[in-house]
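Geometric and topological summary
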Amino acid sequence: MGIDFQEVKAQADLIGIIGSFIPLTQRGPQEYLARCPFHDDKTASFTVNIEKRIWHCFGACHEGGDVIDFVQRMTGSSLTEAVELIAGK
């Protein structure tokens, strides 16, 4: 039986995982901010929304996605490797 990607995304500690790569600052009950790790960001344009379970950069790169996308980008891993890494946390 394989890993259920949707279940891993649903159960992942979004703030804990993203926060293990970059420092996050809480902006409200459901939102965190950071400087985007994907471009030279001078202000906090990177947001993480707990309710929607997504991240997005409102700065130069306009990248965004879910926790799996983030881990893939940060580690250079494949989809399966990223899901296994998240599931291990």
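Residues numbered from 1 in each chain as written. Predicted model: local features only at pLDDT ≥ 70, side-chain atom pairs only at ≥ 80, totals over all residues. Heavy atoms only, no water.

What follows is about the overall build of the protein. From N to C terminus, the protein includes four helices and five strands. Along the protein, helices and strands appear, N-terminal first, in the series α-α-β-β-β-β-β-α-α. What you see for the protein is a C-alpha radius of gyration of 13 Å, in line with the 12 Å of a compact globule of 89 residues. Across its three principal axes, the protein shows a C-alpha extent of roughly 45 × 30 × 20 Å. (Helix = DSSP H or I, 4+ residues; strand = E, 2+ residues; numbered from the N terminus. Rg over C-alpha atoms; globule rule 2.2 N^0.38 Å.)

This paragraph deals with the sheet that holds strand β2 (residues 31-34). On the basis of which strands lie adjacent, the open sheet formed by five strands has the order β1-β2-β3-β4-β5 and antiparallel pairing. Each edge of the sheet is formed by a strand with only one pairing partner; in this case those strands are β1 (25-26) and β5 (64-65). Of the pairings in the sheet, the one linking strand β3 (residues 46-49) to strand β4 (residues 54-57) comprises four bridges and is antiparallel in character. When the sheet's bridge partners are listed, valine 48 is paired in β4 with tryptophan 55. (Pairing = 2+ DSSP bridges.)

A separate point is the pattern of salt bridges. A side chain of one charge can pair with a side chain of the opposite charge if their charged atoms are brought near each other. In the structure shown here, the tally under the stated rule is four salt bridges. The partner of lysine 9 in a salt bridge is aspartate 66, and the shortest N-O contact between them spans 2.9 Å. On the criterion of sequence distance, the pair formed by lysine 9 in helix α1 (residues 5-11) and aspartate 66 in the loop between β5 and α3 (67-75) is long-range, its members being 57 residues apart. Judged by its relative accessible area of 21%, lysine 9 is partly exposed. Residue class for aspartate 66 comes out buried when judged on its relative accessible area of 15%. A salt bridge links glutamate 63 to arginine 73; the nearest nitrogen and oxygen atoms lie 3.0 Å apart. Taken together, the positions of glutamate 63 in the loop between β4 and β5 and arginine 73 in helix α3 put the pair 10 residues apart, joining distant regions of the chain. Among the residues examined, arginine 73 registers a relative accessible area of 38% and is labelled partly exposed. (Salt bridge = Lys/Arg side-chain N within 4 Å of Asp/Glu carboxyl O. Buried < 20%, exposed > 50% of the residue type's maximum accessible area, 1.4 Å probe, protein only.)

This part covers the environment of alanine 34. On the secondary structure map, alanine 34 appears in strand β2. Sequence-wise, alanine 34 and glycine 19 are 15 residues apart; in three dimensions their C-alpha atoms are separated by 9.3 Å. If near-sequence neighbours (up to four positions away) are discounted, alanine 34 is found in contact with Ile22, Pro23, Leu24, Asp41, Thr43, Ala44, Ser45 and Phe46. (Contact = heavy atoms within 4.5 Å.)

One can describe the packing of α3 onto helix α4 (residues 79-88) by two numbers: an axis separation of 9 Å at closest approach and a directional angle of 110°. For the element pair α3 / α4, the angle class is roughly perpendicular. On α4, the residues that touch Val67, Ile68, Val71 and Gln72 of α3 are Leu79, Ala82, Val83, Leu85 and Ile86. A class-by-class count of the residues in the contact of α3 with α4 yields eight nonpolar, one polar and no charged. (Axes fitted to C-alpha atoms, helices over the stretch in contact; angles between N-to-C directions. Parallel < 35°, antiparallel > 145°, perpendicular 65-115°, else oblique. Nonpolar A, V, L, I, M, F, W, Y, C, P; charged D, E, K, R; others polar.)

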